[in-house]
Amino acid sequence: MATLWIGTNNKKKRAELERMLAPLGLELRTPDQLLVPFDPIEDQPDFAGNARVKACLLARLANGYALADDSGLCVDALHGRPGVLSARYGGPGLDDRGRLLRLLEELRPVPLGQRTAHFRCSLCVCAPDGRTLAAIEERCEGTLLTAPTGDGGFGYDPIFVPLEFAGDPAKTFAQLDAATKDRLSHRGKALRALAAALPRLVQDR
Ligand code: IMP
């Protein structure tokens, strides 16, 4: 069975990737199975660059095929922020909840009709020698609530309402079941776009 390493230390993100990759019949491995730490330096200006950094580093460390995700929330009223800095928004010391509340505070003056945003997900697959084999970026459009709603998901899910669930009552990603989030999300779209090619790209070693 071919092995694919999943290049993220974010356990919730990893769980989403693993459940969507499960039907492909690959053996999935994660950075905690390495004998060395996986600490990529995410210093690129865009999602695609950071996804490449992560996939390339993990492929080399593991001497195997690696898939990495770089993703984030881009808010129109903030000219695309927090964007690539989504995981670090508000500085060190904040957890997911703290970052979300900080963002809500910054958005307080923004009226409901102008709270548009999208999630973006860049995926990159690298070969054991670090070569990029595939890359894709997808997005999911929606709006942001004024208060967190729902207990599921992670990150900014409790304030993000995808366009498809903008009706009354609106539903955030954190209120949707896993299959529905996967169907609509930036990550789900990107992974489906790669899925057909993955088993061919990732060979037995
Ligand atoms: P990364 O690990 O640098 O790619 O950081 C991604 C960050 O973007 C996460 O820590 C979340 O804050 C946010 N993010 C990305 N995808 C999602 C999602 O599907 N739901 C909620 N937040 C997300």
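Parameters and conventions
- Residues numbered from 1 in each chain as written.
- Predicted model: local features only at pLDDT ≥ 70, side-chain atom pairs only at ≥ 80, totals over all residues.
- Heavy atoms only, no water.
- Near = heavy atom within 4 Å.
- Polar contact = N/O pair within 3.5 Å; in protein donor to acceptor, adjacent residues only side chain to side chain.
- Areas by Shrake-Rupley, 256 points an atom, 1.4 Å probe, with all protein chains shown as cover.
- 1 Å grid on protein atoms, 1.4 Å probe; cavity = no way out; pocket = protein on both sides within 12 Å on 5 of 7 lines; lining within 4 Å.
- Sits in = over half its atoms within 2 Å of the grid points.
- Helix = DSSP H or I, 4+ residues; strand = E, 2+ residues; numbered from the N terminus.
- Nonpolar A, V, L, I, M, F, W, Y, C, P; charged D, E, K, R; others polar.
- Pairing = 2+ DSSP bridges.
- Axes fitted to C-alpha atoms, helices over the stretch in contact; angles between N-to-C directions.

**Section: the site of the ligand**
- The immediate surroundings of the ligand are formed by 17 residues, with Lys 13, Glu 42, Asp 157, Lys 181 and Arg 187 found nearest.
- Note that a nitrogen atom of the ligand is positioned 3.1 Å from one of the side-chain N or O atoms of His 186.
- In isolation the ligand exposes 490 Å². Once the protein is present, 95% of that is buried.
- Spatially, the ligand is embedded in the largest pocket.
- Secondary-structure elements contributing two or more residues to the shell around the ligand are strand 3 (65–75) and helix 5 (186–195).
- At 3 residues, strand 3 tops the list of elements feeding residues into the shell around the ligand.
- Looking at the shell around the ligand residue by residue, the class counts come to 4 nonpolar, 6 polar and 7 charged.

**Things to note about the environment of Asn 50**
- Within the secondary structure, Asn 50 sits in helix 2 (residues 47–62).
- Between the alpha carbons of Asn 50 and Leu 123 there is a distance of 9.5 Å; along the sequence they are 73 residues apart.

**Quick word on the environment of Asn 10**
- Mapped onto the elements of the fold, Asn 10 is located in the loop between strand 1 (3–7) and helix 1 (11–21).
- Each C-alpha atom, one on Asn 10 and one on His 186, is 16 Å from the other, the two residues being 176 residues apart in sequence.
- Polar side-chain contacts of Asn 10 include one of 3.1 Å to the backbone nitrogen of Lys 12.

**Section: the sheet that holds strand 3**
- Strand order in the open sheet formed by 6 strands is 2-1-3-4-5-6, with mixed pairing between adjacent strands. The sheet is open, and its two edges are formed by strand 2 (27–29) and strand 6 (160–162), each paired on a single side. Taking the axes of each pair of neighbouring strands and ignoring which way they run, one obtains an average angle of 35° across the sheet.
- As defined by bridge partners, strand 5 (residues 132–144) adjoins strand 6 across 3 bridges and the pair is classed as antiparallel. When the bridges of strand 6 are listed, Gly 142 appears paired with Pro 162.

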